[in-house]
Amino acid sequence: MRLILTLFFLLTFSSVICAQSSAVTEFKDNHETALAFYFYPSTLRMINLQRNPEFDEMIKDIKKARFFKLDSGVVTQPDLTTLGNDLRKAGYEEMMMMKSKGNDIEVLGLEKHTPEIVVISRNGYECMLLEVTGMINIAKIPKLIDAFSSGAFLDVFNLNKEQNDRPADH
Amino acid sequence: MKTLFTVLALGFALIAQAQNDAVTKLFNEYYNDEKFTKISVSSKMFQLFTEIEPGDVNEKEILEAISKLKGLKVIATDSAANSAKLYADAVKKISGNGYEELMEVKDAQENMKFMISEKDGIINELVMVVGGKKSFFIMSLFGEIDLSKISKLSKGMNIKGMEYLQKLDESEDKK
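Source: prediction; values computed, not measured. (Residues numbered from 1 in each chain as written. Chains lettered and ligands numbered in written order. Predicted model: local features only at pLDDT ≥ 70, side-chain atom pairs only at ≥ 80, totals over all residues.)

K.L.:
What exactly am I supposed to notice about the nonpolar core here?
P.N.:
Residues and elements named next belong to chain B. With 63 residues, the main nonpolar core has Ala90, Ile94, Val127, Met128 and Val129 as its most contacted residues. The element best represented in this core is strand β6 (residues 136-145), accounting for 6 residues. Every residue in contact with Ile94, bar those within four places of it in the chain, is listed here: Ala22, Val23, Tyr99, Met115, Val127 and Val129. (Core = buried A, V, L, I, M, F, W, Y, C linked by C-beta atoms within 7 Å. Buried ≥ 20, exposed ≤ 12 C-beta atoms within 10 Å, placed from the backbone. Helix = DSSP H or I, 4+ residues; strand = E, 2+ residues; numbered from the N terminus. Contact = placed C-beta atoms within 7 Å.)

Below, the structure written as structure tokens:
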């Protein structure tokens, strides 16, 4: 019985440790980040200044999101290739690739009960990493783009912008 | 008799491969050219969204259209000096590989051609080629394709280039 319990705890804790030490975490730890945001359901709802129901609906299945911005000086293309390869070794599969006018975007996904998606984006002067644990409702995206265009959300990436000083409409 | 079936099966497999190669070759041809935007979406992306609960009928139709797709590839540029040649070459290469023409639209601004690959009454690939004065656009959608739902998808998704698919709906309305 003791052996079974020991094995159970060892397996449980090793899987937790494994989930925490993802390739993205290692990459972030080895490179200086210019900006880092950690979003949870509660903080994601906070940026929805106008209480847009579409946004709440889209994020309802997101358990956690991490966003890192790194200057191009600290990240090279081979670094990102290595990150992509490390993710593939961990079971992530390519979901989307886009190359456009110097902007490269790669989306990799890990299929499991709660899916994990990593977006690697790079242009000439910066690199962005987004890791989402959970799901995003793709059908809500067009309405969200309209809402973002009208400034309905707190732009966490430009916190000094005048629009963010605007009080939320209730 | 068994040999005949094997030869036929191999023949069909080769034809299918040839169709696939025509579009893949075009994508590979422009892959390293910085002037072109390249987008590739795999079946994994589409699978991920099949588990989402639709909020209304419109979303249900968009998600239904997505759920049957296996992949999407796009090559686009808006700064091609030889867009007319690119368009003519692409149409020639694709249509010469067993794709059937579905629809053609010509106006003062651009030419567009829709081609499909069909098997057992099911459309398994839709290829769209668009050539403007300086623009050139190829999109290949593959999977199980319901044209009426694909046009709804293009209306729902705010992706540049997808609006061309609405031409399919317009042609249905005229019938």
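K.L.:
Before we go on, may I ask you to explain unusual backbone geometry in this structure?
P.N.:
It is generally the case that most residues other than glycine have a negative phi and that most peptide bonds are trans. Located in the positive-phi region is A:Lys101, a residue other than glycine, with phi close to 45°. Looking at the secondary structure, you find A:Lys101 in the loop between β3 (93-100) and β4 (103-110). The backbone of B:Asp120 sits at a positive phi, close to 55°, despite the residue not being glycine. Residue placement: B:Asp120 occurs in the loop between β4 (111-119) and β5 (122-131).

K.L.:
Is there a simple way to think about the sheet that holds β4(A) in this case?
P.N.:
Working definition: the strands of a sheet are paired by backbone hydrogen bonds and lie parallel or antiparallel to each other. Spatially, β1(A)-β2(A)-β6(A)-β5(A)-β4(A)-β3(A)-β1(B)-β2(B)-β6(B)-β5(B)-β4(B)-β3(B) is the arrangement adopted by the 12 strands of the open sheet, whose pairing is antiparallel. Looking at strand neighbours, the two that pair on one side only are β1 (35-39) of chain A together with β3 (100-106) of chain B, the edges of this open sheet. Across the sheet, the mean angle from the axis of one strand to that of its neighbour is 10°, orientation sign disregarded. Where β3(B) meets β4(B), 6 bridges bridge the pair, whose relative direction is antiparallel. Within the sheet, the bridge partner assigned to B:Glu100 lies in β4(B) and is B:Ile116. Relative to strand β5 (residues 116-122) of chain A, helix α5 (residues 77-89) of chain A is tilted by about 165°, and along the sheet it contacts β4, β5 and β6 (126-134) of chain A. Helix α4 (residues 83-95) of chain B rests against β3, β4, β5 and β6 of chain B of the sheet, and its axis sits at about 160° to β5(B). (Pairing = 2+ DSSP bridges. Axes fitted to C-alpha atoms, helices over the stretch in contact; angles between N-to-C directions.)

K.L.:
What am I meant to see in helix α2 (residues 23-30) of chain A here?
P.N.:
Every α-helix winds through 3.6 residues per turn, so residues three or four apart in the chain are directed the same way. Residue and element names in this part refer to chain A. Here α2 has its buried residues at Ala23, Val24 and Phe27. Along the long axis of α2, the arc covered by the buried residues comes to 100°, so they all point the same way. Those residues of α2 that are exposed and angled more than 90 degrees off the buried face are Glu26 and Asp29. The inward-facing, buried residues of α2 contact α5, β5 and β6. (Arc of directions from axis to C-beta.)

K.L.:
Looking at this structure, how should I read the confidence of the model for chain B?
P.N.:
Residue and element names in this part refer to chain B. Of all residues in chain B, 74% attain a pLDDT of 70 or more, and the chain-wide mean is 78. Confidence, read as mean pLDDT per element, is least for helix α1 (residues 2-30) in chain B (57) and greatest for α4 (91). In this model, residues 1-19 is a region of pLDDT below 50 whose contacts with residues beyond four sequence positions or in other chains number 7 contacts. Interface confidence for the predicted complex, given as ipTM, is 0.72, next to a pTM of 0.73. (pLDDT = per-residue confidence, 0-100.)

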